[in-house]
Amino acid sequence: MRDFRDKDRHPRFNRNAPRPPRRDSPASSPKPAPAPAPARDYRRPDADAREPRRTSSNDREIVYGVEPIRELVAAAPASIRVLYVKSGDERRFSAEIDLVRTGGGRVEFADDAGLERLAGPAARHQGIAALMREYEYMTLEQILADQPDPIVLVDGVTDPRNLGALMRSAEGAGVGAIVIAKDRTAGITPAAVKSSAGAWIHLKIARCGNVARTIEQLKEAGYWTAALAPGGETSIYALDTSRKLAIIVGSEGRGVRDIVRKGADFVVDIPMRGKVGSLNVSVAAAVALFEIARRRDAAKLPS
């Protein structure tokens, strides 16, 4: 079975997504219009190069900061559509600039005010930010063709930071593939990418429509499905980890839905020792996945 965490694997990106016009192209650069007011709106087509035009519909759909950008550029330079660099810092970020251009992205220069508008007034952009390309998901069938074990199915995790933390935990525990529901669930956005600390690069990721149908497809492919939920009848410490497993996690507040509970082979509980009744979804996933990995490793040891 191929190792999905192979460093030679490159993430998939939708290169057919609309590209923002190049500023150095005569055909796409409108003639400057007279500006009676001294302030210029960086979102206008005639804004100068120091005021980056926001191309994302969501103010938070931007990766910023030196370490997150360097990590992203080193792992997947082709994932960046536009790299925004503070004017005067060209030499400081010369390696990142070269890699992004080689990967097919473009580089724009901006002043502090422009970067603050792009990343948000409370963000510490540190002189650099990036707009990512749209992530191109795999299909469930493509993932099942390689039979990764375990698989994680995410249904209802709406906070991209939780999704990113979950991906980080999953990859750290040796998971090679994640399936994310399309409805009421965060996708692979810059916020999720930043929170994953690079883990997303090493995962095969698909999106699914009907979660109940996806559970049936997993069963047909030979997986035993285990939904993580407080009060489940099976303790994570008693779960049969010798089976091929698909671990299902639900939303941050409500947990797994009733339809998921009914469709899963097991509803798995993580015993709590304190006064709090449940764990954050990414923490619960980490506990379960590392326990599965630990017990599988122990089973390989000679008796």
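Residues numbered from 1 in each chain as written. Predicted model: local features only at pLDDT ≥ 70, side-chain atom pairs only at ≥ 80, totals over all residues. Heavy atoms only, no water.

A. Looking closely at the pairing of strand β2 (residues 80-86). Across the seven residues of β2, six count as buried, placing the element largely inside the fold. The sheet contact formed by β2 and strand β3 (residues 106-110) spans five bridges and is parallel. Bridge pairing in β3 links Leu83 to Val107. Regarding the hand of the β-α-β motif, the stretch spanning β2, helix α2 (residues 94-102) and β3 is right-handed. (Buried < 20%, exposed > 50% of the residue type's maximum accessible area, 1.4 Å probe, protein only. Helix = DSSP H or I, 4+ residues; strand = E, 2+ residues; numbered from the N terminus. Pairing = 2+ DSSP bridges. Right-handed = clockwise from strand over helix to strand, strands pointing away.)

B. The sheet that holds strand β7 (residues 204-208), seen in detail. With parallel pairing, the seven strands of this open sheet are ordered in space as β7-β6-β5-β10-β8-β11-β9. Both edges of this open sheet fall to β7 and β9 (234-235), since each of them pairs with a single strand only. Packing of helix α5 (residues 160-172) onto the sheet brings it into contact with β5 (151-154), β6 (177-181), β7 and β10 (245-249), and relative to β6 it is tilted by some 155°. On top of the sheet, helix α9 (residues 281-300) reaches β5, β8 (224-228) and β10; it is set at about 165° to β10, its chief contact. (Contact = heavy atoms within 4.5 Å. Axes fitted to C-alpha atoms, helices over the stretch in contact; angles between N-to-C directions.)

C. Main features of the side chain of His125. Here His125 lies in the loop between α3 (112-119) and β4 (128-132). Owing to a relative accessible area of 7%, His125 belongs among the buried residues under this scheme. A polar contact is formed between the side chain of His125 and the backbone nitrogen of Gly127, at a distance of 2.8 Å. Those residues in contact with His125 that sit more than four places away from it in its chain are Tyr64, Gly65, Val66, Asp112, Leu115, Glu116 and Ala119. (Polar contact = N/O pair within 3.5 Å; in protein donor to acceptor, adjacent residues only side chain to side chain.)

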